[in-house]
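A structural walkthrough
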Amino acid sequence: MGRLFAVIFFLSFFSLSLYSQSENKISVDSKLQFDGASFFGLSDSQTKIADGIAIRRARVALSAVMSEDWKSTIEIDFAAGKIQLLDANLAYSGLENFEFKIGNMKENFSMDCLTSSFNLPFLESSMSSDAFAPSFHLGTMGIYQNRGLNASVGLFFQPISSASVADEYSSLSKQGIYSGHSLTGRVFYNPFYSSEDYALHIGAALSYRKPAPLISGKYGNISFDSRSGSYINNKKYLSTGSITGVENTSLAGTELAFYYKGLRFQSEYIHSQTAIKESDPFNFNGYYLYAGYMLFGGKHKYDAKTGRFSRPSLGNDWGDLEILARYDYINLNHRDVKGGSCNAFTLGLNYYINKSVRFMLNYQYNNHDVAVDYHTTSFRIEVDF
């Protein structure tokens, strides 16, 4: 399956390269993130966390605009020597105020999750969006946008992110077992849609999710987990483990964000309710809030079409600096499920050297209820070209 992904990608690249000779538009986008982290603050009796470095992401994306109404995107990640399929979809926008998409894409849930990993203000997304927010799935979605209002609804099915995941769901299909589905909707509004200097984002999202059964005639399982702020320390101290007998899961999220020139603020709350066969549901939740400020005249940018922040404009020829602070909380404990809870405090410094290169520095303190508490200093060198 991994070879199939590679063949699809390179055939697409070749085809689109030929296609670019025509009057239509094609673009190639390459991205690289190089991370490092060091951990400290543990007692002598606690197991040390290994420092390390890694390639966090290595991506190539191809985008084609076939006409005014049709466009297509395919993006693949090669980090850690593995092939991961991300965007692979076709979009139509020929009806006024409407857009329709089909293929592999992110479900429209959580401002934090939907923000491109190359526009995230911190090295990692919040624990709540990491644990709860759905990411890439096969499906179809309709989007309505008019002035400051944006509403979307999508029907999604199995993930195909990697060869192992695709093989797993292919095995279910061969046995005649349903692969599960989800229905996800999101709405947000910006009353200051005509301004380029400020915006106010007020949003909410819902998702109903039906998992694939473990075996025919029985109900499936689900788990929620999250890293505590660093990809280098890949141990997940926060995890519910496998919850069995799941009939469905419902997700509800609220979003509040604003910016004024170089100042920005963003927050979300996400609640998860998992219905269990012949038992009361399990409830988990989390939230975060952060603020950031461009120090030397840069201005933040808000994408009204997707409801998220994009790369800011810079205040000087040499670039710009942004300082940030975030409070992050998650609770994966309910009744006999002891997935853990955590309060995390993060300080960040972003140096935007130019529109393509960024250097990031984070300090984070993780305060777990049961797992070890520790401090992290981490950095990222990022290139987008």
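Bear in mind that the values here come from a model prediction, so they are computed numbers and not experimental data.

This part covers the overall build of the protein. Helices and strands together make up the secondary structure of the protein, namely 4 helices and 21 strands. A globule of 385 residues ought to have a C-alpha radius of gyration of about 21 Å, and the protein, at 21 Å, matches this closely. When burial is assessed residue by residue, the protein has 45% of its 385 residues classed as buried. In the protein, once contacts between residues fewer than 6 apart in sequence are set aside, the share between residues at least 24 apart is 62%. Of the accessible surface of the protein, which amounts to about 18200 Å², a share of 58% is contributed by carbon and sulfur atoms. Across the protein, the mean location of the 34 positive side-chain charges is 2 Å away from that of the 36 negative side-chain charges.

Moving on: the packing of aromatic side chains. Centre distance and the angle of the planes are the two values used to describe a pair of aromatic rings. One pass over the full model with this rule turns up 22 aromatic pairs. Taking 5.8 Å as the distance between ring centres and 50° as the angle between the ring planes, the aromatic pair formed by Tyr 237 and Tyr 374 counts as tilted. Remark: Tyr 374 occurs in strand β21 (residues 374–384) and Tyr 237 occurs in the loop between β11 (225–226) and β12 (238–239); sequence separation between them is 137 residues. The two residues Tyr 237 and Tyr 374 agree in class, both being buried. On the numbers, 6.4 Å between centres and 10° between planes, the contact of Tyr 288 with Tyr 290 is stacked. The two residues Tyr 288 and Tyr 290 agree in class, both being buried. Here the guanidinium or amino end of Arg 326 rests over the ring plane of Phe 122, the centre of that ring lying 4.4 Å away. Its end group placed over the ring of Phe 282, Arg 335 keeps NZ or CZ at 4.4 Å from the ring centre.

In this section: the environment of Phe 100. For Phe 100, the location among the structural elements is in strand β5 (residues 98–106). On the accessibility criterion, Phe 100 (37% relative accessible area) is partly exposed. Expressed as a C-alpha distance, the spacing of Phe 100 and Ser 239, which sit 139 residues apart in the sequence, is 35 Å. In this structure, Phe 100 is in contact with Leu 90, Ala 91, Tyr 92, Leu 95, Met 141 and Gly 142, ignoring residues within four places of it in sequence.

Here the focus is the confidence of the model for the protein. Averaged over the protein, the pLDDT score is 90; the fraction of residues at 70 or greater is 91%. With pLDDT under 50 throughout, residues 4–11 is counted as low confidence; its partners more than four residues away or in other chains account for 14 contacts.

One finds Phe 132, Phe 284, Ile 330 and Leu 332 to be the most contacted residues of the largest nonpolar core, which totals 21 residues. Of all the secondary-structure elements, those providing two or more residues to this core are α3 (127–132), β13 (243–260), β14 (263–276), β15 (279–294), β18 (320–334) and β19 (337–352). Look past the residues within four positions of Phe 284 in its chain and what remains in contact with it is Phe 132, Phe 224, Thr 240, Ile 243, Ile 270, His 271, Ser 272, Asn 331, Leu 332, Asn 333, His 334 and Val 337. Core analysis: the next-biggest nonpolar cluster, separate from the first, contains 11 residues, Phe 188, Ala 199, Tyr 302 and Leu 324 among them.

Here we come to unusual backbone geometry. Positive phi outside glycine occurs at Asn 97, with the angle close to 75°. Position of Asn 97 among the secondary structure elements: in the loop between β4 (84–92) and β5. You can call Asn 97 partly exposed: its relative accessible area is 31%.

With that out of the way, let us pick up the environment of Gly 148. Mapping Gly 148 onto the fold places it in the loop between β6 (136–146) and β7 (149–156). Classification of Gly 148 by relative accessible area gives buried; the value is 8%. Separated by 159 residues in the primary sequence, Gly 148 and Gly 307 have C-alpha atoms spaced 10.0 Å apart. Sequence-distant contacts of Gly 148, defined by excluding residues within four places in its chain, comprise Phe 188, Tyr 189, Asn 190 and Tyr 193.

With that out of the way, let us pick up the pairing of β13. In terms of strand pairing, strand β9 (residues 198–210) meets β13 through 12 bridges, oriented antiparallel. Bridge pairing in β13 places Ala 205 opposite Gly 253. Bridge count between strand β10 (residues 220–222) and β13: 3 bridges; the pairing is antiparallel. Paired with Gly 220 across the two strands is Val 246, which belongs to β13.

In this section: the pattern of salt bridges. One pass over the full model with this rule turns up 14 salt bridges. The salt bridge partner of Arg 59 is Asp 77, with a shortest N-O separation of 2.7 Å. Here Arg 59, found in strand β2 (residues 52–65), pairs with Asp 77, found in strand β3 (residues 70–77); they are 18 residues apart in sequence, far enough to count as distant. Exposure remark for Arg 59: the relative accessible area of 15% places this residue in the buried category. On the basis of relative accessibility, which here comes to 4%, the residue Asp 77 falls in the buried class. Ionic pairing is found between Glu 99 and Lys 305, a salt bridge with its closest N-O pair at 3.3 Å. Taken as a pair, Glu 99 in strand β5 and Lys 305 in the loop between β16 (299–303) and β17 (308–313) lie far apart in primary sequence, 206 residues in all. Here Glu 99 falls in the buried class, since its relative accessible area comes to 8%.

To continue, consider the side chain of Glu 382. Among the structural elements, Glu 382 can be located in strand β21. One polar contact links Glu 382 to Gln 33, side chain to side chain, over a distance of 2.8 Å. Polar side-chain contacts of Glu 382 include one of 2.6 Å to the side chain of Arg 311. Not counting residues up to four positions away in its chain, the partners in contact with Glu 382 are Leu 32, Gln 33, Ser 117, Phe 118, Arg 311, Ser 356, Val 357, Arg 358 and Met 360.

Each value, and the rule that gives it
Residues numbered from 1 in each chain as written. Predicted model: local features only at pLDDT ≥ 70, side-chain atom pairs only at ≥ 80, totals over all residues. Heavy atoms only, no water. Helix = DSSP H or I, 4+ residues; strand = E, 2+ residues; numbered from the N terminus. Rg over C-alpha atoms; globule rule 2.2 N^0.38 Å. Buried < 20%, exposed > 50% of the residue type's maximum accessible area, 1.4 Å probe, protein only. Contact = heavy atoms within 4.5 Å. Areas by Shrake-Rupley, 256 points an atom, 1.4 Å probe, with all protein chains shown as cover. Lys, Arg positive; Asp, Glu negative; His and termini not counted. Charge placed at Lys NZ, Arg CZ, Asp CG, Glu CD. Phe/Tyr/Trp six-rings, centres within 6.5 Å; stacked < 30°, edge-to-face > 60°. Lys NZ or Arg CZ within 6 Å of the ring centre and 35° of its normal. pLDDT = per-residue confidence, 0-100. Core = buried A, V, L, I, M, F, W, Y, C linked by side-chain atoms within 4.5 Å. Pairing = 2+ DSSP bridges. Salt bridge = Lys/Arg side-chain N within 4 Å of Asp/Glu carboxyl O. Polar contact = N/O pair within 3.5 Å; in protein donor to acceptor, adjacent residues only side chain to side chain.

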